[in-house]
Amino acid sequence: AQSVTQLDSQVPVFEEAPVELRCNYSSSVSVYLFWYVQYPNQGLQLLLKYLSGSTLVESINGFEAEFNKSQTSFHLRKPSVHISDTAEYFCAVTTGSGYSTLTFGKGTMLLVSP
Amino acid sequence: GAGVSQSPRYKVAKRGQDVALRCDPISGHVSLFWYQQALGQGPEFLTYFQNEAQLDKSGLPSDRFFAERPEGSVSTLKIQRTQQEDSAVYLCASSLPSSGGGGNTIYFGEGSWLTVV
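Residues numbered from 1 in each chain as written. Chains lettered and ligands numbered in written order. Predicted model: local features only at pLDDT ≥ 70, side-chain atom pairs only at ≥ 80, totals over all residues. Heavy atoms only, no water.

**Let's talk about the nonpolar core**
Core analysis: the biggest nonpolar cluster contains 27 residues, and Trp35(A), Leu48(A), Phe74(A), Leu76(A) and Tyr89(A) have the highest contact counts within it. Residue assignment for this core shows that the elements contributing at least two residues are β2 (10-14), β3 (19-21), β5 (31-38), β6 (44-50), β8 (64-68), β9 (73-78), β10 (87-95) and β12 (108-113) of chain A. Setting aside residues up to four positions removed in sequence, Phe74(A) forms contacts with Cys23(A), Leu33(A), Phe34(A), Trp35(A), Leu48(A), Lys49(A), Tyr50(A), Val57(A), Ala65(A), Glu66(A) and Phe67(A). In this structure, Leu21(B), Phe65(B), Leu77(B) and Val116(B) belong to the second largest nonpolar core, which totals 20 residues. (Core = buried A, V, L, I, M, F, W, Y, C linked by side-chain atoms within 4.5 Å. Buried < 20%, exposed > 50% of the residue type's maximum accessible area, 1.4 Å probe, protein only. Helix = DSSP H or I, 4+ residues; strand = E, 2+ residues; numbered from the N terminus. Contact = heavy atoms within 4.5 Å.)

**What about the interface of chain A and chain B?**
Taken together, the contact pairs 24 residues of chain A with 24 residues of chain B. Taking both partners together, chain A and chain B bury about 1800 Å²; carbon and sulfur atoms supply 54% of that area. One can count zero salt bridges joining chain A with chain B. In this assembly, chain A and chain B are joined by four residue pairs in polar contact (both at pLDDT 80 or more). Secondary-structure elements contributing two or more residues to the side of chain A that touches chain B are β5, β6 and β10 of chain A. A per-element tally of the side of chain A that touches chain B places β5(A) first, with four residues. Residues that form the side of chain A that touches chain B fall into these classes: 10 nonpolar, 12 polar and two charged. (Buried area = accessible area lost by both parts, 1.4 Å probe. Salt bridge = Lys/Arg side-chain N within 4 Å of Asp/Glu carboxyl O. Polar contact = N/O pair within 3.5 Å; in protein donor to acceptor, adjacent residues only side chain to side chain. Nonpolar A, V, L, I, M, F, W, Y, C, P; charged D, E, K, R; others polar.)

It is worth stressing that arrangement in space is one thing and function is another; only the former is reported here.
Written as structure tokens, this is what we have:
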């Protein structure tokens, strides 16, 4: 079985500042890793994913995450946040076998203020 | 449709009442999932369908929870005799199958917000 730990339940940051949302996972087999974003009163949207290949993956809106196998981490970063990035961010993991049931962390609320 | 559609978006049920939550997956998606998201928590897996077959129901919390997908498209999650602890957002998701297992993207609906009073 796999598990995901998001170390921070809430991260307050000022607009245009950099941010890092932490995610660690545990699994006895190879994993695929995802970040989902949930805006208020909306469903989950896929932000980015790591399947294989380059360990650094990027989203279209400036977020990036790096898969670190030795540290079992998949931290999410953005060099300069906007007010509109305020949302809940969920890290998730699934294994490469069978159907892809996601295991989620508890989420990190990113609060961007002016 | 363009995305996963769920109804109702909001439901208030009296304790002991039965509720039914509907999910319309993306057209052509074979896999369908239900997740439960309690307040302040991440989504937790409830059940999985491949076409009309319910291949995994290990996450259903009790026998009061029942899901079906009779024609391999629309799915319904039914909760009988609702309790206050059932209050949560119920998320439906769908995906295409992939020979690579976990590599396929899962698309989520906006959820059905259930409040049991």
